[in-house]
Amino acid sequence: MGETTVTTLEGREEAVPSPVADAAGPGFLRRLRTPRRPRLWFEILLIAVSYWTYSLIRNAVPEQKAEALRNADWIWRVENDLGIAVEQSVNHAVNSVTWLIVGMNYYYATLHFVVTLGVLVWLYRSHPGRYAATRLVLFATTAVALVGYYLFPLAPPRLMNGSHFVDTVMVHETWGSMASGDLKHVSNQYAAMPSMHIGWSLWCGLTIFALAKLPWVRVLGLLYPALTLTVIVATANHFWLDAVGGMLCLAFGFTVARLWYGTFPYALPRTVAVRGTSGSWLPTRA
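The residue numbers shown here count from 1 along each chain, following its written sequence. With the structure being a predicted model, the display of local features is reserved for residues of pLDDT at least 70 and the display and counting of side-chain atom pairs for 80 or more, all residues being used for whole-chain, interface and lining totals. Side-chain figures throughout are based on the complete set of non-hydrogen atoms in the structure, without hydrogens or water.

Within the chain one finds eleven helices and four strands. Classification of residues uses two cut-offs on accessible area relative to the type maximum, computed with a 1.4 Å probe and protein chains only: under 20% is buried, over 50% is exposed, and between them is partly exposed. By residue count, 45% of the 286 residues in the chain fall in the buried class. Partitioning the contacts of the chain with sequence separation of at least 6, the portion at a separation of at least 24 is 79%. Approximately 14,800 Å² of the chain is accessible, and the part contributed by carbon and sulfur atoms is 67%. What counts as a helix is a DSSP run of H or I of at least four residues, what counts as a strand is a run of E of at least two, and both are numbered from the N terminus. Contacts are residue-level and defined by heavy atoms, with any inter-residue pair within 4.5 Å sufficient. Reported accessibility uses the Shrake-Rupley method at a 1.4 Å probe radius. Residues are deemed covered only where the shown protein chains occlude them.

Listed below in structure tokens is the structure:
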């Protein structure tokens, strides 16, 4: 709204504000909804503060151990009724291959953050016109997940009573789990629904698949959330249905971005115009 899309000599699309819109003086809301080039200092501050706030709220949610264990038993019964309760079999099978389960433990502890930040940096550098909208998807997904943690406390399979799941981090003494060992005292262990490992990894995978140019990179984008799903189940940190919860949160995030920007993030122009010192609009190059 208020913009036209032009194609430069290099074949890139750029969003250029309409002279009519400039003359009329777009309102504050319109300016907020107009894609613009992100500012590095602001993005670093925003991401740091947002993740700190997310962790603070998530860990401040009452653990409600008894209710979380009851909900875990209910989830397990539902999955058995549906014939999809294979988490325990996967957990024991993968745990029997030491090198594999140790690798999955480190995968679970690290890639959740590393890949997500990597995709954000890539968007910032290569797709500035789509960055803010795609970042909004991630933020909205994470925000609604906090509601899930509060309304539906859930114990992970490894903490269920009498379920015989293997806590793979404890057994193999690997580093990094905020839910095992000494670190469990600073993290809410009963916030398994929804799985943000799935919400974030699927966000990464869809973003890479939609925007990457190389076919093999796009394939890797799709494989990443699939492998993450295997990891969260094999390490007994989540049920299958926790992954469904993460997917629903991501769908909410995309809906918020679609309503705010009037289109899906990946459909926005790749680059945006910036305002020069004289007040004129200058094209940017990605």
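Structure shown, so let's carry the discussion forward.
Once that is clear, we can look at helix 6 (residues 98–126). Over its 29 residues, helix 6 runs 39 Å from end to end, which matches the ideal 42 Å to within 8%, given 1.5 Å per residue. In this scheme, the bend at a residue equals the angle between the axes fitted to the seven residues that finish there and the seven that begin there. Along helix 6, the largest kink reaches about 45° and is centred on Thr 110. Given the number of residues in a helix, its expected span is that number minus one, multiplied by 1.5 Å.

We call a set of buried residues a nonpolar core when its members are Ala, Val, Leu, Ile, Met, Phe, Trp, Tyr or Cys and they connect through side-chain atoms within 4.5 Å of each other. Core analysis: the biggest nonpolar cluster contains 36 residues, and Tyr 149, Met 196 and Trp 203 have the highest contact counts within it. Those elements that provide at least two residues to this core are helix 6, helix 7 (128–151), helix 9 (196–211), helix 10 (215–234) and helix 11 (240–261). Here the element with the most residues in this core is helix 6; it accounts for eight residues. Other than its neighbours up to four places away in sequence, Met 196 contacts Tyr 54, His 112, Thr 141, Thr 142, Ala 145, Tyr 149, Ser 201, Gly 246 and Cys 249. Core analysis: the next-biggest nonpolar cluster, separate from the first, contains 15 residues, Ala 68, Ile 75, Ala 155 and Met 193 among them.

As for its position among the elements, Thr 168 is in helix 8 (residues 168–172). You can call Thr 168 buried: its relative accessible area is 0%. At 2.7 Å, the side chain of Thr 168 forms a polar contact with the side chain of Asn 105. Identification of polar contacts relies on pairs of N or O atoms within 3.5 Å, with a donor-acceptor requirement for protein atoms, meaning one able to donate a hydrogen and the other able to accept it, and with residues adjacent in sequence counted only if both atoms are side-chain atoms.

Interpretation in functional terms is not warranted from these geometric data alone.
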